[in-house]
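What follows is each chain in one-letter form.
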Amino acid sequence: MRITVVGAGYVGLTTGACFAHLGNEVLVVEKIPQKVELLKSGRSPIYEPGLEELLRENIKEGRLRFTSDLREGLEFSEVIFICVGTPQAPDGSADLSQVEEVARETAKLMTSYKLLVEKSTVPVNTHKLVKRTVYRYLKDKSIPYDVASNPEFLREGSAIEDFLKPDRIVVGVESERAKSIFQELYKSFDCPVIYTDPATSELIKHASNSFLAMKISFINMVADLCEKTGADVKLVADGMGYDKRIGRAFLNAGIGYGGSCFPKDVKAFIRMAQDYGLDFGLLKDVEKINQERPVRFLDKIKYVLWSLKDKKVAVWGLSFKPNTDDIREAPSIRIVELLLKEGAYLSLYDPKAMENFKLVFPEGRQVNYAKDMYSAVENASVLLILTEWEEFQKANLQRVKELMELPVIVDGRNIFEKDAMKSMGFEYYAVGR
Ligand code: NAD
């Protein structure tokens, strides 16, 4: 099939590369010309494992192309995947201006049938607004079109695997014509494909993300209880997780959820409920618990070090999760802010996210970026672990101990075993254990 993808971010690039990999012809429309140039040369503007290789392979095979011209995208295919950003607006709602722009500009340029697919995460009933906008701007009102919802559930860091082998595919459609396009598109996928109406599909995505965020905040509160009582949150999560009704995933206690999805999606869900006259108090607590995590983590560091003023603090991990360079809403941002206020000198290291982090915290008197994880810890009074990169789990801890001023680790991601760390001579503080 021929497919047009609008937006070359984490979702758009993965969608484009994976559909091309499955044998489709794909044209990705991206409005930032520098990104298009970079992509044309086979380089990815973001770090996502395996993505650059997949892009190159499909560009070479002639199945994947890039442009900044939406008109070209519309001439190329009748299926338009909208993969643009839906960031948080100042009032907590989803800012849908990028989606509106695509709908409006598409309508102005449309000369034949189009299926507009919302892959971006949008509040329930956004499809109605997209439909209305297309109709308003359509020059020839007799041109047929459909608007469908096909939310994306991929996780950064394992985006390609998640796209190609999803747990399920959700499609919200209103016409047989649109449904048959999706049936063709997804016929090679070996997972349940749920066909529903667009409002239900839109809601499935937001409800799923909010539920997962709820699991994280839940286990983080349990972690606090564990710290007060001497129980071990990892074992509590294991014990809970064996129950099929609960499941072990998303029960890792730590410094809270971040990223470009959960924080904004939970906020948007609360706001959306409010717009319909409902108070989603449960999710307000989920958010409150999450916002408190960096402060609780700082309290722990202060309890360990007493004063942070003029101390050298090494930080391993800046991205909001491993295997990505994405730092959007990463807990590390808030924690670094708090550490700087305390007067600490920071030596930061992340395998992929340092360039992005430098844009928020440029190198300076209190902020230094280390070339590797070992130089980060040289003469440090404490090592903080903020992202569970595999590289850190495999670190030579003997070397780390020798390089540090004091062998003290405060681990915000519970990546090491307490007893083993103790027997190596570390003072090791984790979360909820
Ligand atoms: P992103 O910000 O990384 O990428 C969006 C891209 O769209 C940018 O490159 C931007 O320049 C481009 N763009 C904006 N307006 C455009 C236009 N009019 N024409 C062409 N290009 C345009 O965003 P993302 O992380 O890929 O997320 C996209 C959507 O998918 C969001 O709604 C997000 O909530 C959702 N989502 C994200 C993830 C994730 O893990 N990142 C997972 C599932 C769903």
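Here we look at the domain arrangement of the protein
Taken domain by domain, the protein consists of domain 1 (2-196) and domain 2 (199-433). Domain 1 puts 33 residues into the contact, and the matching count from domain 2 is 27 residues. Summed over the three residues of domain 1 that lose the most area to domain 2, namely Tyr47, Val124 and Glu156, the buried surface amounts to 27% of that side. At the surface where domain 1 touches domain 2, the tally comes to two salt bridges. The partner of Glu156 in a salt bridge is Arg328, with the nearest N and O atoms 3.7 Å apart. Our enumeration of links across domain 1 and domain 2 arrives at 13 residue pairs in polar contact (both at pLDDT 80 or more). Where the side of domain 1 that touches domain 2 is concerned, the elements lending two or more residues are α6 (126-137) and β7 (169-172). Tallying contributions element by element places β7 first for the side of domain 1 that touches domain 2, with three residues. Its residues assigned to classes, the side of domain 1 that touches domain 2 comprises 13 nonpolar, 13 polar and seven charged.

Remarks on helix α12 (residues 281-305)
Along its 25 residues, α12 runs 37 Å from first to last C-alpha, staying within 8% of the 36 Å computed at 1.5 Å per residue. Arg293 marks the point of greatest bend in α12, at about 35°, and the proline Pro294 comes within the next four residues. Of the residues one or two after α12, Trp306 is the one with positive phi, at around 70°.

Points about the sheet that holds strand β12 (residues 382-385)
Spatially, six strands are ordered β11-β10-β9-β12-β13-β14 in an open sheet, and the strand pairing comes out parallel. The sheet is open, and its two edges are formed by β11 (367-369) and β14 (427-429), each paired on a single side. In this sheet, neighbouring strand axes are inclined to one another by 20° on average, regardless of whether the strands run parallel or antiparallel. Note: strand β13 (residues 408-411) against β14, three bridges, orientation parallel. Bridge pairing in β14 places Val410 opposite Tyr429. Where α12 meets the sheet, its contacts fall on β12, β13 and β14, and the angle it forms with β13 comes to roughly 165°. Sheet strands touched by helix α13 (residues 331-341): β9 (312-316), β10 (345-349), β11 and β12. Its angle to β10, the strand with the most contacts, is close to 155°.

Considerations on the site of the ligand
In the neighbourhood of the ligand, 28 residues make up the surrounding shell, with Glu30, Lys35, Thr86, Glu156 and Lys264 lying closest. In this structure, Tyr10 approaches the ligand through a main-chain N or O atom, which is 3.0 Å from an oxygen atom. Note that a nitrogen atom of the ligand is positioned 3.2 Å from one of the backbone N or O atoms of Lys31. Here the ligand, which alone exposes 840 Å², has 90% of that area covered by the protein. Contributing elements (two or more residues each) for the shell around the ligand: α1 (10-21) and α5 (97-109). Looking at which element gives the most residues to the shell around the ligand, the answer is α5, with three residues. Mapped onto the domain boundaries, the shell around the ligand takes at least three residues apiece from domain 1 (2-196) and domain 2 (199-433).

Thoughts on unusual backbone geometry
Unusually for a residue other than glycine, Asn125 sits at a positive phi of about 80°. Note that Asn125 resides in the loop between β5 (114-118) and α6. Asn125 gets classed as partly exposed once you look at its relative accessible area, which sits at 21%. Backbone geometry places Trp306, a non-glycine residue, at a positive phi of 70°. Checked against the element boundaries, Trp306 lands in the loop between α12 and β9.

Observations regarding the pairing of β13
Side chains of β13 alternate between two faces, with Val408 and Val410 and Ile409 and Asp411 buried alike. Two strands pair when backbone bridges link them, and β12 and β13 are joined in this way by three bridges, in the parallel orientation. Within β13, the position partnered with Leu383 by the bridge is Ile409. The β-α-β motif built from β13, the intervening helix α18 (residues 418-423) and the parallel element β14 has right-handed crossover chirality.

Examining the pattern of salt bridges
Tallied over the entire structure, the rule returns 34 salt bridges. Note that Arg296 is salt-bridged to Asp224, the shortest N-O span being 3.2 Å. Of this pair, Arg296 sits in helix α12 while Asp224 sits in helix α9 (residues 198-229), placing them 72 residues apart in sequence. Looking at Arg296, the relative accessible area reads 34%, which means it is partly exposed.

Details of the packing of α1 against helix α3 (residues 51-60)
Interaxial distance between α1 and α3 falls to 9 Å at its minimum, and their mutual angle equals 50°. With respect to α3, the axis of α1 lies oblique. Of the two elements, α1 crosses α3, and the hand of that crossing is left-handed. Here α1 contributes Leu13, Thr14, Ala17, Cys18, Ala20 and His21 to the contact with α3, which in turn contributes Leu51, Leu54, Leu55, Glu57 and Asn58.

Side note on the nonpolar core
By size, the foremost hydrophobic cluster in this structure holds 56 residues, and its most contacted members are Val313, Trp316, Leu339, Leu348, Phe357, Leu383 and Leu384. In contact with Val313, other than residues within four places in its own chain, are Leu308, Leu339, Ala344, Tyr345, Leu346, Ser347, Val382 and Leu384. Val36, Phe66, Val79 and Phe163 belong to the second largest nonpolar core, which has 38 residues in total.

Parameters and conventions
Note on numbering: residues in each chain are counted from 1, in written sequence order. The predicted nature of this model means local features are confined to residues of pLDDT at least 70 and side-chain atom pairs, given and counted, to a pLDDT of 80 or more, with totals for whole chains, interfaces and linings taken over all residues. Side-chain numbers here rest on the full set of heavy atoms in the structure, without hydrogens or water. Here the bounds of each domain stem from an automatic or database domain assignment. Only heavy atoms matter for contacts: two residues are in contact if any of them lie within 4.5 Å across the pair. Here's the idea: put two parts together, see how much 1.4 Å probe accessible area each one loses, and the total over both is what we call buried area. Any Lys or Arg side-chain nitrogen located within 4 Å of an Asp or Glu carboxyl oxygen qualifies as a salt bridge. Identification of polar contacts relies on pairs of N or O atoms within 3.5 Å, with a donor-acceptor requirement for protein atoms, meaning one able to donate a hydrogen and the other able to accept it, and with residues adjacent in sequence counted only if both atoms are side-chain atoms. The helix count covers DSSP runs of H or I at least four residues long, the strand count covers runs of E at least two residues long, and both are numbered beginning at the N terminus. Charged residues are taken to be Asp, Glu, Lys and Arg, nonpolar residues to be Ala, Val, Leu, Ile, Met, Phe, Trp, Tyr, Cys and Pro, and polar residues to be all remaining types, Gly included. Working rule for helices: expected span equals 1.5 Å times residues minus one. The reported bend at a residue is simply the angle between two axes, fitted to the 7 residues ending at it and to the 7 residues beginning with it. A pair of strands counts as paired when DSSP detects no fewer than two bridges linking them. Axis lines are fitted to C-alpha atoms, over the contacting stretch for helices. Their N-to-C directions set the angle, which ranges from 0 to 180 degrees. Near, as used in this document, describes a residue that has one of its heavy atoms within 4 Å of the molecule or strand being considered. Only the protein chains shown count as cover for residues, with accessible areas throughout obtained via the Shrake-Rupley method and a probe of 1.4 Å. When a residue's accessible area, from a 1.4 Å probe over protein chains only, is under 20% of the maximum for its type it is buried; when over 50% it is exposed; and in between it is partly exposed. For a crossover, the right-handed case is the one in which the path from the first strand over the helix to the second runs clockwise, viewed with the strands pointing away from the viewer. Under this scheme an angle from 65 to 115 degrees is roughly perpendicular, one under 35 degrees roughly parallel, and one over 145 degrees roughly antiparallel; angles in between are oblique. The handedness criterion is simple: a crossing whose near helix is rotated anticlockwise from the far helix by less than a right angle is left-handed, and one whose near helix is rotated clockwise is right-handed. By nonpolar core is meant a set of buried Ala, Val, Leu, Ile, Met, Phe, Trp, Tyr and Cys residues that side-chain atoms within 4.5 Å join together.

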